[in-house]
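Understanding the architecture of this molecule
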Amino acid sequence: MSQMVATKLILTFMKTFSTFQQAKQIHAQILTNDLTRLEPLFIHRILLCDITNYKTISPYVISILHHLRNPDSFSWGCVIRFFSQKGQFIQAVSLYIQMRKIGLFPSSHAVSSVLKSCAKFEDDLCGVSVHGQVQKFGFNSCVYVQTSLLDLYSKNGDVLTARKVFDEMAERNVVSWNSLLGGYIKGGNLDEARCFFYEIPRKDVISWNSMVSGYAKGGKMEQACYLFRQMPERNLVSWNTMISGYVDCGSIGSAREFFDAMPKRNSVSLITMIAGYSKSGDVDIARELFDRMDDKDLWSYNAMIACYAQNSKPNEALDLFNGMLKQEISLHPDEMTLGSVISACSQLGNLDQWHWIETHMNDYGIVLDDHLATALIDLYAKCGSIDKACELFHGLRKRDVVAYSAMIYGCGINGKVSDAVELFEQMVGESIDPNLATYTGILTAYNHAGLVEEGYRCFKSMKDNGLVPSVDHYGIMVDLLGRAGWLDEAYRLIMNMPMQPNAGVWGALLLACRLHGNVKLGEIAAQHCIKLESETAGYYSLLSGIYATVGKWNDAKKLTIGVEGKKIIKIPGCSWTQLE
DNA sequence: ATAGGGTTAG
């Protein structure tokens with residue numbers, strides 16, 4: 001293949017190859033370009049690319065590079081830029097290393113691209129070694145290279161080094177200023193950022209957006225809004241930044257006002273609003289916005305599937321997920337999608353759907369990261385496979401509060417109370433602060449084992465950790481006290497709750513009254529349950545069960561009339577993702 | 001023919 005044809009091919013790949021339709025067009029182009037003298041294997045590979053996801057085309061792009069007789073700095077630069085732009089940072093860096101190994105002098109374009117990729121890694125080893133080469137090869141006066149370098153340090157949180165690069169730059173432009181501004185904002189020092197912002201000689205809309213975003217991320221929406229109003233020019237991103245800020249601080253109403261007021265909206269605006277409504281529990285409004293989107297991409301589906309998963313609508317989450325796979329141009333799920341899907345499976349106690357997905361993981365190019373493993377710990381534990389959960393837990397790279405909480409809860413519902421307590425102590429020993437979900441887990445463990453005093457002590461210790469028990473924690477405590485027969489204590493706890501008891505709390509008391517044959521409290525509990533959830537049949541049968549155990553047959557009989565077709569009793573659930 | 005900065009998620 002000639003150098004020129006191959007380079008053209010690379011560029012075509014980069015510019016247009018993102019959907020199946022476009023892939024087909026490329027196939028046609030390849031055929032008409034008389035590339036038939038290519039090695040048969042190579043042609044075969046290109047023709048085989050039944051592609052809907054850019055992840056799949058990486059081998060083809062690399063294979064084009066390897067089929068060049070003498071790939072030069074430009075060809076390498078194109079390919080490195082391709083991977084850097086498509087988010088395949090490891091590939092980009094590895095290609096740069098290969099290029100260096102064969103002794104090619106990198107172009108400033110290639111260096112800028114590879115630095116951008118290095119900036120995405122947590123570890124700054126890569127970036128620092130490229131920095132060394134930058135100095136060795138004399139890119140000191142290239143504003144592009146220097147700015148990417150400065151941005152690398154900014155993004156990795158090393159503002160001091162970023163500042164040093166900035167100060168030593170021979171030439172700066174607004175991108176360099178914006179990059180360092182981003183560094184100050186990421187470091188959370190808003191005062192310093194503000195001073196720097198006012199020093200920027202020719203601020204553009206991105207400088208303003210960054211500063212507004214800094215205030216928004218710091219929860220200072222008044223200041224963000226003040227700056228937003230002062231902006232000489234606003235674009236879509238400016239509006240989206242404001243919406244996102246309001247969503248983050250829970251002001252969905254203000255977010256909506258901005259959303260309605262903005263002159264134009266894109267998918268980011270809609271996705272941000274969907275996430276906002278998901279947080280406020282308005283699933284129907286979120287779905288309305290989702291349906292309004294013309295071209296739904298992976299991010300849109302992920303937002304909506306997550307919304308269902310987080311709002312206890314696992315069936316809807318799975319339906320949407322399956323719908324996404326069955327589309328004409330099917331979207332490939334990613335780690336985020338599967339995280340929500342696993343959570344939905346877990347809420348349903350459905351391992352089958354996961355096992356089906358598991359066999360397709362490789363096709364999707366998904367690797368099991370810590371987030372997914374944590375979701376799976378929860379799923380396996382809830383489905384009773386505590387050993388599998390344990391195995392995943394020990395395989396985690398880093399164990400955070402969510403992982404510990406899922407594992408503690410898993411031990412709790414599987415009757416391994418001592419393991420749960422041990423994990424809890426281990427977690428505290430690692431200076432990880434327990435959150436509300438952790439307490440749900442440990443209290444569930446005590447509850448399962450019937451350890452009333454330990455559970456009660458633990459419940460009371462929550463406030464020592466600065467936590468306010470939620471209604472679900474009260475539910476578990478009422479269940480624990482009630483099952484042990486401490487019915488008056490359970491009732492007193494309900495009466496002293498700082499919030500309105502829900503059907504789960506009263507249901508737990510009702511269940512306990514059924515267990516211990518307490519008519520007086522049972523009637524009170526049932527009354528509340530029926531008032532809160534009149535369509536649930538289980539409450540009636542529990543109450544009638546109480547009457548039956550104490551011989552009040554007539555009362556029992558009255559209740560069994562007309563309860564057919566009502567829902568069975570709801571068992572209080574728990575979710576890691578919503579509890580902070 | 002190729003490069004750098006701002007907005008979306010658990």
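The rules behind each value
Residues numbered from 1 in each chain as written. Chains lettered and ligands numbered in written order. Predicted model: local features only at pLDDT ≥ 70, side-chain atom pairs only at ≥ 80, totals over all residues. Heavy atoms only, no water. UniProt positions renumbered as here; feature names shortened; annotations may be inferred. Axes fitted to C-alpha atoms, helices over the stretch in contact; angles between N-to-C directions. Helix = DSSP H or I, 4+ residues; strand = E, 2+ residues; numbered from the N terminus. Parallel < 35°, antiparallel > 145°, perpendicular 65-115°, else oblique. Contact = heavy atoms within 4.5 Å. Nonpolar A, V, L, I, M, F, W, Y, C, P; charged D, E, K, R; others polar. Salt bridge = Lys/Arg side-chain N within 4 Å of Asp/Glu carboxyl O. Buried < 20%, exposed > 50% of the residue type's maximum accessible area, 1.4 Å probe, protein only. Near = heavy atom within 4 Å. Polar contact = N/O pair within 3.5 Å; in protein donor to acceptor, adjacent residues only side chain to side chain. Phe/Tyr/Trp six-rings, centres within 6.5 Å; stacked < 30°, edge-to-face > 60°. Lys NZ or Arg CZ within 6 Å of the ring centre and 35° of its normal. pLDDT = per-residue confidence, 0-100. Core = buried A, V, L, I, M, F, W, Y, C linked by side-chain atoms within 4.5 Å. Expected span 1.5 Å × (residues − 1). Left-handed = near helix turned anticlockwise from the far one by under 90°.

Going by the annotation in an unreviewed UniProt entry, the name recorded for chain A is Pentatricopeptide repeat-containing protein, with Pisum sativum given as the source organism. Recorded in UniProt for chain A, the comment headed Sequence similarities (unreviewed entry) runs: "Belongs to the PPR family. PCMP-E subfamily."

Remark: helix α33 (residues 519–532) packs on helix α34 (residues 538–549), axes separated minimally by 10 Å, with the N-to-C direction vectors making an angle of 170°. One finds that α33 runs roughly antiparallel with respect to α34. Contact with α33, carried on its side by Val519, Gly522, Glu523, Ala526, Cys529 and Ile530, involves Tyr539, Tyr540, Leu543, Ile546 and Tyr547 of α34 and no other residues of that element. Looking at side-chain class alone, the contact of α33 with α34 contains 9 nonpolar, 1 polar and 1 charged residues.

Taken as a whole and assessed by the stated rule, the structure comprises 9 salt bridges. Where Asp260 meets Arg256, a salt bridge forms, and the shortest distance between an N and an O atom there is 3.3 Å. Here Asp260 pairs with Arg256, and both are found in helix α16 (residues 252–261), just 4 residues apart, close to one helical turn. Relative accessible area serves as the criterion here: at 46%, Asp260 is assigned to the partly exposed category. Arg256 gets classed as partly exposed once you look at its relative accessible area, which sits at 21%. Between Glu391 and Lys388 there is a salt bridge, with the nearest N and O atoms lying 3.9 Å from each other. Of this pair, Glu391 and Lys388 both sit in helix α25 (residues 386–394), separated by 3 residues, roughly a single helical turn. A relative accessible area of 53% means that Glu391 is categorised as exposed. In this structure Lys388 comes out as partly exposed when scored by relative accessible area, which is 31%.

Before going further, it helps to spend a moment on the protein's contact with DNA strand B. Of all residues adjacent to DNA strand B, which total 40 residues, the nearest are Phe74, Arg81, Asn178, Asn209 and Trp299. Each atom of DNA strand B within 4 Å of the protein was assigned to sugar, phosphate or base; sugar and phosphate come to 34%. At a separation of 2.5 Å, a base nitrogen of DNA strand B approaches a polar side-chain atom of Asn235. Glu335 is positioned such that a nitrogen or oxygen atom in its backbone is 3.4 Å from a base nitrogen of DNA strand B. Per-element accounting of the surface near DNA strand B gives the leading share, 6 residues, to helix α9 (residues 143–155). For the surface near DNA strand B, the residue count by class is 12 nonpolar, 20 polar and 8 charged.

The next thing to look at is the packing of aromatic side chains. By the definition in use, this model includes 19 aromatic pairs. With a centroid separation of 5.3 Å and 80° between ring planes, the pair formed by Phe459 and Tyr474 is classed as edge-to-face. Note that Phe459 is positioned in helix α29 (residues 452–461) and Tyr474 in helix α30 (residues 471–483), a separation of 15 residues in sequence. A network of ring pairs unites the aromatic residues Phe166, Trp177, Tyr184 and Phe196 as a single cluster. The ring of Phe290 carries Lys296 above its face, with NZ or CZ at 5.3 Å from the centroid. Arg399 extends its terminal NZ or CZ atom over the ring of Phe393, reaching a point 5.4 Å from the ring centre.

Looking at chain A as a whole, the pLDDT averages 86, with 85% of positions reaching at least 70. Contacts from residues 34–54, a stretch scored under 50 in pLDDT, to residues over four places away or in other chains number 38 contacts. Across residues 567–580, confidence stays below pLDDT 50; counting only partners more than four residues off in sequence or on other chains, it has 30 contacts.

Mapped onto this structure's residue numbering, the UniProt feature "repeat: PPR" (unreviewed entry) falls at residues 72–106, 173–203, 204–238, 266–296, 297–331, 400–434 and 435–469. Split by type, residues 400–434 is 74% helix and 0% strand. Its first and last C-alpha atoms lie 10 Å apart. Each end of residues 435–469 is marked by a C-alpha atom, and these two atoms are 10 Å apart; helix forms 69% of the span and strand 0%.

Before going further, it helps to spend a moment on the nonpolar core. Core analysis: the largest hydrophobic core is formed by 168 residues, its most contacted members being Met242, Met304, Trp354 and Leu509. The residues touching Met242, leaving out its near neighbours within four places in the chain, are Val212, Met221, Ala224, Cys225, Phe228 and Phe258.

Moving on, we come to the side chain of Ser112. Positionally, Ser112 belongs in helix α7 (residues 108–118). Not counting residues up to four positions away in its chain, the partners in contact with Ser112 are Tyr144, Val145 and Ser148.

Let's shift gears to the environment of Lys86. Within the secondary structure, Lys86 is located in the loop between α5 (73–85) and α6 (89–101). Taking the C-alpha atoms as reference, Lys86 lies 9.8 Å from Ser58; in sequence the two are 28 residues apart.

It is worth spelling out the side chain of Ser238 at this point. Here Ser238 shows up in helix α15 (residues 236–248). Only 2.8 Å separates the side chain of Ser238 from the side chain of Asn235, close enough to count as a polar contact. In this structure Ser238 touches Val205, Asn209, Phe228 and Met231, once residues within four positions along its chain are discounted.

To continue, consider α30. Since the α-helix packs 3.6 residues into each turn, any two residues three or four apart lie on the same face. When the terminal C-alpha atoms of α30 are compared, their 18 Å separation across 13 residues agrees well with the 18 Å that a helix rising 1.5 Å per residue should span. Residues of α30 that are buried: Val471, His473, Tyr474, Gly475, Ile476, Met477, Val478, Asp479, Leu480, Leu481 and Gly482. Buried residues belonging to α30 abut α28 (436–449), α29, α31 (487–495) and α32 (503–516).

Before going further, it helps to spend a moment on the environment of Asn140. Position of Asn140 among the secondary structure elements: in the loop between α8 (125–137) and α9. Measuring from C-alpha to C-alpha, the distance between Asn140 and Val165 comes to 9.8 Å, with 25 residues separating the pair along the chain. When residues no more than four places from it in sequence are discounted, the contact partners of Asn140 are Val134, Gln135 and Gln146.

Moving on, we get to the packing of helix α27 (residues 417–429) against α28. With their axes 9 Å apart at the nearest point, α27 and α28 run at an angle of 155° to one another. In terms of orientation, α27 and α28 fall into the roughly antiparallel class. At the point where α27 passes α28, the crossing takes the left-handed sense. Seen from α27, the contacting residues are Val417, Ala420, Val421, Phe424 and Met427; seen from α28, they are Thr438, Tyr439, Ile442, Ala445, Tyr446 and Ala449. Counted by class, the contact of α27 with α28 contains 10 nonpolar, 1 polar and no charged residues.

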